[in-house]
Each structure stands twice: as structure tokens, then as C-alpha cells.
Amino acid sequence: MVSPTQKPSVCTNMAAPGRHVGHYMKRNGRFLLCNIEQVLGHRSFGCTTAVRQVAEANKESAESIVIPRKKTWSKEAVLEALASTVGRDPTAYSYQFQDDPYLSPRSAVEFKLYSLSQESGRSAAKYFINSNPKFFTKDFAEPHIPCLMPETVSPCLEEVSEEALKERINLRKVTAAVDMYDQLVQAGTAVSMETTHSLLDVISFYCDRDPAEEEGPQTEDTESKDQKKRKGNFRRASDFLKFSWKENNNAERIFNLLPERDTRCYSALIRGMVKHEAYAKAFNMYTDMLNNRLTADVHIFNALISAAPEVRDKYHEKWDLITELLKQMNEQKIRPNLLTFNSVLKALRRCGFLAKTQALHTLSEMKALGIAPSLASYEHMLAIFHRSGSSGPNGTDLLQEVVAELAETNFTCQDPHDVMFFSCAIRVCLDNKDLELGYKVHSLVEFGENYRLLGDPFNQSVYYGRFFNLLCMMEHIDEVLKWYKRLIPSLYYPNPQGMKDLLQALDTDSRLDLLPSIWKDIKSLGLTNRPDMAEELLSLMTRDNHSPEIQESFAACALDIKSVFDLKFSLEWTNSSLSHVTMLLLRANKTEKAWEMLHLFKSNNRVPSDDLLNSFLSVCRTDDAPQKAVELVQMSAAFCLPTTPQLAKRTLTDFNLTEEQRAILSELEAAGGEPSD
């Protein structure tokens, strides 16, 4: 054994030969490389100089490589790496509802309700935190997360100074900012032009009113008429508040008090006037600016171009005004930007027959200036060239070119109107029934994070509804069902029309055996309050005879529909719905249940059809139930149906009856359908 203080000689002896071998290989390797370089130097290759240059470049690059001691990653790098390992779960609800599984929406109505409730709770919490910051001073987050801490919502500076004015402008306190400015002017304190620009911006943007606090509680007074009309859409109340530009408001008053007015001051007022629909005043302000020998900026021209269709009536007058503005832009050496051309294209949508020709010229001018069109540019082009129901090409060729140009591109929002492109593009595909083009448009949506440009939940619902409608019309039912499972409920909550489209697709491909499962989805989506939906489903199940297994599932589905009608007082039985349910029960040999349905006709003041009564009589004969047959004829007589004598005659012929039963039927037959006393 070896003591701990002794070194193992065996290991030393084993390591020594390896060390010598390594030294020998290194020395011989250097010698071999030197000989190869000498040989190659004496050989005459045509690319010797090039080889040497490459070798020298590689040598220099090898010497210049610096290995960093530390790799710098973004703060979201780990989360992005983890997110790339998973995909979207088509069976899960939207991610925003993951915190509370109880609030998992099953329908579009619940989605809107839960989304608004969640947003309302978040806004109420922000409002309480910002209103009482003294109770939320401790920061538990590491690292610090600024958005979780109270925001400054009230002015801290009370003295009359320009800094206090800037603070009120940053807090969007319009009224307080105007009061502070007036106090500074009265005190003889000069306000810098930069601060004046910011003040005019905030006054013009909010139309001389304090903006509605998004965190604060909403009252009924904050709802405008426009909001009430569009209450079904997922929008904020502030999105619908419309204010008109008042004559001689604070923006105009402060503007008129300025000793010197530059382009920036005019820009603030002109853009505010256009935003709040004072179009004529905006053009008058622009004329006044030109009279003062000032040049406009690109923002002024963008606003005036968008307002041009509002101040002219005829198509050529609108275009002439737009052309004049563009000429003045060129004379003043103002370079147009993307929003300039998008404003022109948007205005052309209201220029009638002039739109198509001028839109192509506008797009060519954009490319000549090196300005790449945005999604909003293409959306305006599609709106100009596509007209639903019109003859001739409907923008399909244009959309084909756009999709080919934009393939495998990650989009960023450059114009507020960009979010309208995909819904417009899929509408073109739907109107022209072009399924292949629809798939190409959807591949653009699914590439990267382009789905973020679908817009708010309402626009997303519009897009997926049109795409699903296109699939139901043009695609095979197996593919439709694959997309159905992929889109619902994670991305799309179908409306009644969407489910009707699916029912028609099942009918077209003769897959009516799936109707019971579709009814379960209709119930989970909260569409059972629509009687037309149940009517459509029942009519498809009743139209043809099927195998006993399918008829059994249809009968169970019919009973489930009956239970829905019984629970919901808003649903009323109709002749067709009662007849369909009864017929389905008869075909599944559920005679007792069918007989109960027959009694519902009288209690709901409905009249059964002749076909249903004849079918009932056939079942009675199959079951050898003469008493049921007699009661059926009596019920027909109670409804005063003209088919009563025929039913009575058929019953007398096909059944073994007692004398009493024969007497009753003979009397009903002789009475011609009139009920007996």
C-alpha cells in the first residue's frame, strides 16, 4: 500500500511516455508544415497569389478574434427561448383568462363580458393605487418593476412656474395647464416656445377638455350616442367620445396671444382642427400660415390631405385639392412620408371613378421615392379595387401580387390602419370564393407574430369568421372539421351564422351523423337561445332516414333540444320544431316520448302536420296499438284537420277494433273532421 505522504510512482511512469509522444508529434508536425509550404511555394499554381492572400487574411482574422468574457443577453432572452419550445394549444382558452379558470369564456358574449370585467377590475385597482400612493410605498419586486408602483397623477409643484406648467402638461391636466399658463402671462413671466408648443399640442389633441381617466370609474354621462349604438363591440368608452372644435377656444386664444408664431404652433392647431372635424377652419389656418410666409411641415400636409374629401363635394374637386396640396408640398421642399401617401390613398376611396387610376400612380410614386407601402397602403388599395357584388375583377389579382410580395415577412405596425388589412384581404377571398388565396393570406397571419396585427378582439372575430365561412363553402368537410378544432375556442367564438355555415357544410358532404356533436358545441357556445339554430339542426336530422344507430343518436339529441326549450322561457315551440322532434322520436321507436310531444301541440296552440299524423298511425299499426290509433284520430278531429276522415277510414281498415272504437271512428269519419260532443 501507498501511504498518503508518498507519491504514486506508477502514475508518473505512465504519464511520462504520453508527454514525450505529444512533444514528438508537435515537433514533427511543425517540420511537416514547413516542408509543405516550401514545396507549394516552388510549385507554379495559377492561384498562388490568391491562396496567399486568403491565408494572410485568415491569419490576420485569427489573430484579431477576441473572445468576450461575458455574453450580454436581453432581459427577455430566457422567456423567449422558453416560449419558442411550445406552441399554441388549440383546446385552451385565450391566455388572458389563464389566471382564473372559472372565468373561461365559452361564447363570444362571455368573452366580451369577462374581458370587460377583467379590464374593469384592473382599472379600478390602478385608480385606487394612483389615488392613494401613500399606502403602496413598499416595493416587493426584484428587480424593480415601475408599472407596478403608483403613478403620479396629481401635480406636485404648486408654485407658479414653467416647471409646474410642464408637469401639468405631462399629466394631461388640460384645464390646470391653461390656468397655470394664464397665471404666468399675468405675472409677466416668459414661457419658452418649446413649452408653448407642448401646451398647444395637448389642448388641441384633447379639444380643450380634460381627458377621461382610463383608470377612473365610468359613469353613464361618459357614454355618447355613438357608443350606445355600437355597444356590442369590444371598445373602450373613450374610443367613442367625440368632441367638436369650439370657436375661440383656449388653443386659439393662446395662439392669438403669442408674439411670434412658428410652423409648430400652426401644426398643433391644424392637426387638432382636423382631428375634431373643423375641416374648413383647418384650411383657413393653413392659408393664414402661408400669408405669414411660413412653410408647413409634413404633419400639416398629412392632416390637410385626409381632410380634403370633407371640404369638396365632387370627385374631381376632391382630387384637384389633393393634387394642389402635393404640389405645394413639393414647392416647399417637404419630403412626404408613409403617412402622407396613406392619407392620399384613404382620400381616394372617396373619389369614385378617379380612384383606381390615381391609386396606381400614388403607389408608383411611393416606390420611386423609396417608401415601402405598409399594410394600410395595401388595405386602401384593396378597398379601391374591390367592390362586393360588382362584375369584373374584384381585386383578386392585386391581392395575389400583394401576398406574393409580403410572403414570409414579419410586419410592424406603421399606421393605425394597418390592423384592417387582414380582415379586408380575407373578405376579398370570401367574395371571390378563392380558397387557395385565403390559405395564403392566413399563412401571412400565422408567420412570426403577424397575428398581433389582426387588431382588437372584434376585428379578430371578423377575420376568423370570414376565414371559417370561406372554409365551410369551399373546403372538404374533413379539412373544415380540422380547422374547426384548431380555431375554436382558442381563437374564435363562432356566431350563429358561422354555425349555420358549418351545418350547411355537413349537409353538402353528407356527414349528418356529426350533428349531435355539433349540437353539444352549440350548447357550450351559448347559442341555444336562438330558435332558428335549433330549427336548422332539427330539419337536417329529420329530412332523411338513417341507420338505427344514427337515428338513436338523433333522438337523444332531439330530447336534449326539448329540454332546452322547456328550461328557457324565451324559446317558443313552433309547428316545425315540434313536428321534427316528434318524428325523430318515432323513427327511434320512442313511442311514449313521441306521444308526449304530440300532447305539446295542444298546450302550445300548435297544429300537427298531416305527414306527422300518418307517420304516427303507421307506428301504431306496427306496435299493434289500436287504442293509440283511435286517440290519434280524436286528436286530429279536435284540431279540425281535413285529414281526419282519411285517418278514421285507415284506422277502421288496418286495426282490430272493438265495437265501441268502431262507432267512435265511424262517427268521426261521417262528421268530416268535425269534433263530436
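Criteria and cut-off values
Residues numbered from 1 in each chain as written. Predicted model: local features only at pLDDT ≥ 70, side-chain atom pairs only at ≥ 80, totals over all residues. Heavy atoms only, no water. Helix = DSSP H or I, 4+ residues; strand = E, 2+ residues; numbered from the N terminus. Buried < 20%, exposed > 50% of the residue type's maximum accessible area, 1.4 Å probe, protein only. Contact = heavy atoms within 4.5 Å. Areas by Shrake-Rupley, 256 points an atom, 1.4 Å probe, with all protein chains shown as cover. Axes fitted to C-alpha atoms, helices over the stretch in contact; angles between N-to-C directions. Parallel < 35°, antiparallel > 145°, perpendicular 65-115°, else oblique. Left-handed = near helix turned anticlockwise from the far one by under 90°. Core = buried A, V, L, I, M, F, W, Y, C linked by side-chain atoms within 4.5 Å. Salt bridge = Lys/Arg side-chain N within 4 Å of Asp/Glu carboxyl O. pLDDT = per-residue confidence, 0-100. UniProt positions renumbered as here; feature names shortened; annotations may be inferred. Phe/Tyr/Trp six-rings, centres within 6.5 Å; stacked < 30°, edge-to-face > 60°. Lys NZ or Arg CZ within 6 Å of the ring centre and 35° of its normal. Polar contact = N/O pair within 3.5 Å; in protein donor to acceptor, adjacent residues only side chain to side chain. Nonpolar A, V, L, I, M, F, W, Y, C, P; charged D, E, K, R; others polar. Patch = residues over 30% accessible without salt bridge, like charges linked within 9 Å, V, L, I, M, F, W, Y side chains within 5 Å. Expected span 1.5 Å × (residues − 1).

Overview of the overall build of the protein chain
So, point 1. Scanning the protein chain for helices and strands turns up 31 helices and zero strands.
So, point 2. The buried share among the 677 residues of the protein chain stands at 39%.
So, point 3. Long-range pairs, those at least 24 residues apart, make up 66% of the contacts in the protein chain with a sequence separation of at least 6.
So, point 4. Carbon and sulfur atoms make up 53% of the accessible area of the protein chain, which amounts to about 40,000 Å² in all.

Topic: the packing of helix H17 (residues 396–406) against helix H18 (residues 421–432)
So, point 1. Direction vectors running N to C along H17 and H18 enclose 135°, while the axes themselves pass 10 Å from each other. Taken together, the axes of H17 and H18 lie oblique to each other. Taken as a pair, H17 and H18 cross one another with a handedness that is left-handed. In this structure, H17 uses Thr396, Leu399, Val402 and Leu406 to contact H18, whose residues at the interface are Phe421, Ala425, Val428, Cys429 and Asn432.

Description of the nonpolar core
Note that soluble globular proteins tend to have their nonpolar side chains buried in a common cluster.
So, point 1. Ranked by size, the top nonpolar core spans 170 residues in total, and within it Leu399, Phe421 and Phe422 carry the most contacts.
So, point 2. Look past the residues within four positions of phenylalanine 421 in its chain and what remains in contact with it is Leu375, Tyr378, Glu379, Leu382, Leu399, Val402 and Leu406.

Overview of the pattern of salt bridges
So, point 1. Scanning the entire structure with this criterion turns up 26 salt bridges.
So, point 2. Of the charged contacts, one joins glutamate 119 and arginine 122 as a salt bridge, the two residues approaching to 3.2 Å between their closest N and O atoms. Of this pair, glutamate 119 and arginine 122 both sit in helix H4 (residues 108–131), three residues apart, which is roughly one turn of the helix.
So, point 3. A salt bridge links lysine 440 to glutamate 436; the shortest N-O distance between them is 4.0 Å. One end of the pair, lysine 440, and the other, glutamate 436, are both in helix H19 (residues 435–446), four residues apart, so they sit about a helical turn from each other.
So, point 4. In this structure lysine 440 comes out as partly exposed when scored by relative accessible area, which is 33%.
So, point 5. Of the residues examined, glutamate 436 reaches a relative accessible area of 55% and is grouped as exposed.
So, point 6. Residues joined in a network through salt bridges with shared partners are Asp201, Arg264 and Arg271.

Let's talk about the confidence of the model for the protein chain
So, point 1. In the predicted model, the protein chain carries a mean pLDDT of 82, and the fraction of residues at 70 or more is 84%.
So, point 2. Of the regions scoring below 50 in pLDDT, residues 1–26 engages in zero contacts with residues more than four places distant in sequence or in other chains.
So, point 3. Taken as a whole, residues 214–234 scores under 50 in pLDDT and shows 31 contacts with residues more than four places along the chain or in a different chain.

A word on the UniProt feature "repeat: PPR" (unreviewed entry) in the protein chain
So, point 1. According to UniProt, the "repeat: PPR" (unreviewed entry) feature falls on residues 262–296 and 337–373.
So, point 2. Counting secondary structure, residues 262–296 comes out at 74% helix and 0% strand; the distance between its end C-alpha atoms is 9 Å.
So, point 3. With 68% helix and 0% strand, residues 337–373 has end C-alpha atoms that lie 10 Å from one another.

Brief notes about the packing of aromatic side chains
So, point 1. Scanning the entire structure with this criterion turns up 18 aromatic pairs.
So, point 2. Taking 5.5 Å as the distance between ring centres and 75° as the angle between the ring planes, the aromatic pair formed by phenylalanine 97 and phenylalanine 111 counts as edge-to-face. You can see phenylalanine 97 sitting in the loop between helix H3 (77–83) and H4 and its partner phenylalanine 111 sitting in helix H4, a full 14 residues away along the chain. You'll find phenylalanine 97 and phenylalanine 111 in the same group, each marked buried.
So, point 3. Centroid distance phenylalanine 111 to tyrosine 493: 5.6 Å. Interplanar angle 40°. Geometry classified as tilted. In this pair, phenylalanine 111 sits in helix H4 while tyrosine 493 sits in the loop between helix H21 (477–487) and helix H22 (496–508), placing the two residues 382 residues apart along the sequence. Both residues of the pair, phenylalanine 111 and tyrosine 493, belong to the buried class.
So, point 4. The structure contains a cluster of three or more aromatic residues connected by ring pairs, namely Tyr439, Tyr463, Tyr464, Phe467 and Trp483.
So, point 5. Positioned above the aromatic ring of phenylalanine 255, the side-chain terminus of arginine 261 is 5.0 Å from the ring centre.

Concerning the environment of threonine 644
So, point 1. By the secondary structure assignment, threonine 644 is in helix H30 (residues 644–654).
So, point 2. Sequence separation between threonine 644 and leucine 632 is twelve residues, and the spatial gap between their C-alpha atoms is 9.4 Å.
So, point 3. Separated by 2.8 Å, the side chain of threonine 644 and the backbone oxygen of leucine 641 make a polar contact.

Section: the packing of H22 against helix H24 (residues 531–543)
Two quantities define a packed helix pair, namely the angle between the helix axes and the distance between the axes.
So, point 1. Closest axis-to-axis distance for the H22/H24 pair is 10 Å, and the angle between their directions is 5°. Classified by the angle their axes make, H22 and H24 are roughly parallel. Contacts between H22 and H24 involve Pro496, Met499, Lys500, Leu503 and Asp507 from the first element and Asp532, Met533, Glu536, Leu537, Leu540 and Arg543 from the second.
So, point 2. Taken together, the residues that form the contact of H22 with H24 break down as six nonpolar, no polar and five charged.

Remarks on unusual backbone geometry
So, point 1. Following isoleucine 488, the chain continues into proline 489 via a peptide bond in cis, with omega recorded as 5°.
So, point 2. Relative to the assigned elements, proline 489 resides in the loop between H21 and H22.
So, point 3. The backbone phi angle of cysteine 207 is positive, close to 55°, even though this residue is not glycine.
So, point 4. As for its position among the elements, cysteine 207 is in the loop between helix H7 (193–205) and helix H8 (225–229).
So, point 5. Exposure remark for cysteine 207: the relative accessible area of 2% places this residue in the buried category.

A closer look at the environment of asparagine 605
So, point 1. Residue position: asparagine 605 is located in the loop between helix H27 (591–603) and helix H28 (610–622).
So, point 2. Note on asparagine 605: relative accessible area 68%, which makes it exposed.
So, point 3. Expressed as a C-alpha distance, the spacing of asparagine 605 and asparagine 575, which sit 30 residues apart in the sequence, is 9.2 Å.

Some remarks on a nonpolar patch on the surface
So, point 1. Residues Val78, Leu79 and Leu82 make up a contiguous nonpolar surface patch of about 330 Å² in total accessible area.
So, point 2. The class of leucine 82 is exposed, set by a relative accessible area of 53%.

Here we look at the environment of phenylalanine 243
So, point 1. Relative to the helices and strands, phenylalanine 243 is located in the loop between H8 and helix H9 (250–257).
So, point 2. Put simply, phenylalanine 243 and histidine 276 are 33 residues apart on the chain and 6.4 Å apart in space, counted from C-alpha to C-alpha.
So, point 3. If sequence neighbours within four positions are ignored, phenylalanine 243 has contacts with Cys207, Arg209 and His276.

Quick notes on the side chain of serine 204
So, point 1. Structurally, the position occupied by serine 204 is in helix H7.
So, point 2. Owing to a relative accessible area of 1%, serine 204 belongs among the buried residues under this scheme.
So, point 3. With near-sequence residues (within four places) excluded, serine 204 lies in contact with Trp245, Ala251, Ala268, Leu269, Gly272 and His276.

A look at helix H6 (residues 174–186)
So, point 1. Given a rise of 1.5 Å per residue, 13 residues ought to cover 18 Å, and the 18 Å separating the end C-alpha atoms of H6 matches this to within 8%.
So, point 2. For H6, every residue scored as buried is listed here: Val174, Ala177, Val178, Met180, Tyr181, Asp182 and Leu184.
So, point 3. Where H6 is buried, its residues touch helix H5 (162–170), H7 and H9.
So, point 4. Just downstream of H6, glycine 188 is the residue with a positive phi angle, here 80°.

With respect to the side chain of glutamate 167
So, point 1. By the secondary structure assignment, glutamate 167 is in helix H5.
So, point 2. With relative accessibility at 15%, the residue glutamate 167 sits in the buried group.
So, point 3. Engagement of the side chain of glutamate 167 in a polar contact is seen with the backbone nitrogen of leucine 157, the distance being 3.1 Å.
So, point 4. Residues contacting glutamate 167, with those up to four places away along its chain left out, are Pro155, Cys156 and Leu157.

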